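Summary of the model geometry
Now for the letters of each chain:
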Amino acid sequence: MSEVKKIAVLPGDGIGPEITQEAVKVLQQVEKEFGFSFSIQYGMIGGGAIDRVGIPLPPETMELCEKSDAVLLGAVGGPDWDSYPPELRPEQALLGIRKGLGLYSNLRPVTLFAGLENSSTLRPEVLAGVDLVVVRELTGGIYFGDKERTTTPEGEVATDLLIYHEFEIERIVRLAFEIARGRKKRVTSVDKANVLESSRLWREVVNRVAKDYPDVQVEHMLVDNCAMQIIRRPATFDVIVTENMFGDILSDEAAILTGSIGMLPSASLGEGTIGLYEPVHGSAPDIAGQGVANPAAAILSAALMLRHSFGYEAAAAAVEQAVRTVFEKGVRTPDLASENQLAVSTEEFGDLVVEELRRTE
Ligand code: NAI
Ligand code: MG
């Protein structure tokens, strides 16, 4: 018997509960197939937590995460809480949990599954061969810098501080080089060094770290150019490493390469041993509660958990293959289906993945 792995599941708001339910279902099937043992405990986070206890990240949720081996998160936020003060917004819980667990890196693998070329708004020939990973810095930069509002005689002034320490850049850049070593050995470092001082430091650090990885090819790219190249020639990218806000934006853009934002998983790793796994998308309030959300990103996030937190590579690959096979069979969730194509529900998609896992035995 393998040791019991403790998983904290934080479903969150909107489609969060619907999609995490399918990911949990898949994890439970993995348990059976591979003889693993998972102890799954649920916690509240985001708007739901605000409604129940008044704050987006209750201490008991943080404690649950801290005593777990890994965290599976759905998504937080929604229009119900949009008018709340900044410190009380659901999204604050994400920043709190990332900081609290020291999760400074966010890996977002962008893979195009066979057959989904036609679901993207981009031409299939542009998408052929897409296989990249965005390595986003997650606990620094403008999202975490001091924020301020002052009233002056000329009107309101708002400040967001973009700050990076050398060590923060170095650890994420090193990780990117390590990841590139296990892939196509190419790193694209994305910055705005023509105007931002923090980007100039970023570039210096990349050039220094690159010396330790002579086998890895490095290029620097300005973020505006990268935003263009990522949809112009996406297949030429391997590892894209960038700061917090640029990574946030570029990875949503990269989602289009996979056919839908509902396809993109992520792993957040850091100083400690606890990893956090969540889809890249948000709580999609526009489709919440309808059973139409694509749970693939959540299921693939669970696969990343198996790989990165538990070292269960075979199980991770089996889950990824099961998702791939379901798509290969022509199954589509509504976000990927063309007009006259029949789509399956969130739950049906999860059931089909479980079914495939059963078959791989
Ligand atoms: P979103 O990612 O929730 O939705 C953008 C669009 O993609 C919507 O049309 C939605 O229906 C669609 N979509 C997203 N996930 C999907 C899925 N699994 N299957 C099918 N379609 C899907 O981004 P939006 O609308 O900007 O934000 C909604 C809320 O989510 C906001 O409150 C925002 O702050 C929050 N948010 C939370 C995140 C998180 O929890 N990590 C990340 C991004 C946004
Ligand atoms: Mg985002």
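Parameters and conventions
Residues numbered from 1 in each chain as written. Chains lettered and ligands numbered in written order. Predicted model: local features only at pLDDT ≥ 70, side-chain atom pairs only at ≥ 80, totals over all residues. UniProt positions renumbered as here; feature names shortened; annotations may be inferred. Helix = DSSP H or I, 4+ residues; strand = E, 2+ residues; numbered from the N terminus. Rg over C-alpha atoms; globule rule 2.2 N^0.38 Å. Buried ≥ 20, exposed ≤ 12 C-beta atoms within 10 Å, placed from the backbone. Contact = placed C-beta atoms within 7 Å. Pairing = 2+ DSSP bridges. Axes fitted to C-alpha atoms, helices over the stretch in contact; angles between N-to-C directions. Near = placed C-beta within 6 Å. Nonpolar A, V, L, I, M, F, W, Y, C, P; charged D, E, K, R; others polar. Domains from an automatic or database assignment.

As recorded in an unreviewed UniProt entry, the protein goes by the name 3-isopropylmalate dehydrogenase, listed as coming from Thermoactinomyces daqus. Turning to the protein, the UniProt annotation filed under Function (unreviewed entry) states: "Catalyzes the oxidation of 3-carboxy-2-hydroxy-4-methylpentanoate (3-isopropylmalate) to 3-carboxy-4-methyl-2-oxopentanoate. The product decarboxylates to 4-methyl-2 oxopentanoate." Its UniProt record gives the protein the following Subcellular location (unreviewed entry) comment, quoted word for word: "Cytoplasm".

**Thoughts on the overall build of the protein**
Counting secondary structure elements, the protein contains twelve helices and twelve strands. Taking 2.2 N^0.38 as the reference for a compact globule, 361 residues should give roughly 21 Å; the C-alpha atoms of the protein span a radius of gyration of 20 Å, in line with that estimate. Considered along the principal axes of its C-alpha atoms, the protein spans approximately 60 × 50 × 45 Å. For the protein, with 361 residues in total, the buried portion stands at 49%. Within the protein, contacts between residues at least 6 apart in sequence are counted, and of these 76% link residues at least 24 apart.

**Some thoughts on the UniProt feature "binding site: Mg(2+)" (unreviewed entry) in the protein**
According to UniProt, the "binding site: Mg(2+)" (unreviewed entry) feature falls on D224, D248 and D252. Judged by maximum C-alpha separation, these annotated positions cover 29 residues in sequence but sit close together in space, the widest gap being only 14.4 Å. Following the sequence through the fold, D224 ends up in helix 8 (residues 223-232). Tracing the chain through its elements places D252 in helix 9 (residues 244-255).

**As for the sheet that holds strand 8 (residues 186-191)**
Taken in spatial order, the ten strands make up an open sheet running 2-1-3-12-11-4-5-10-8-9, and their pairing is mixed. The strands lining the two open edges of the sheet, one partner per strand, are strand 2 (37-42) and strand 9 (217-222). Looking at each pair of strands side by side, their axes are set apart by 20 degrees on average, direction ignored. Sheet topology note: the strand 4 (residues 105-111)/strand 11 (residues 265-269) ladder contains three bridges and is antiparallel. Looking across to strand 11, one finds that N106 is bridged to S268. Packed on one face of the sheet, helix 1 (residues 16-34) meets strand 1 (4-12), strand 2, strand 3 (70-75) and strand 12 (275-279) and runs near 145 degrees to strand 3. Of the strands in this sheet, strand 4, strand 5 (131-137), strand 8 and strand 10 (239-242) are in contact with helix 9, which crosses strand 5 at around 155 degrees.

**Looking at the site of ligand 1**
In the vicinity of ligand 1, 22 residues are found, and the nearest of them are G77, G262, H281, G282 and N294. When the residues that make up the shell around ligand 1 are grouped by side-chain class, the tally is eleven nonpolar, seven polar and four charged.

**Considerations on the domain arrangement of the protein**
By a frequent convention, interface size equals the accessible area lost on bringing the separate parts together. Partitioning the protein into structural domains gives domain 1 (1-108 + 261-361) and domain 2 (121-258). Of note, the centres of domain 1 and domain 2, computed from C-alpha atoms alone, are 24 Å apart. Counting from both sides, the interface comprises 14 residues of domain 1 and, opposite them, 17 residues of domain 2. For the side of domain 1 that touches domain 2, the secondary structure elements donating two or more residues are helix 4 (91-100) and strand 4. It is strand 4 that contributes the most residues to the side of domain 1 that touches domain 2, four residues altogether. Considering only residue class, the side of domain 1 that touches domain 2 consists of eight nonpolar, three polar and three charged.

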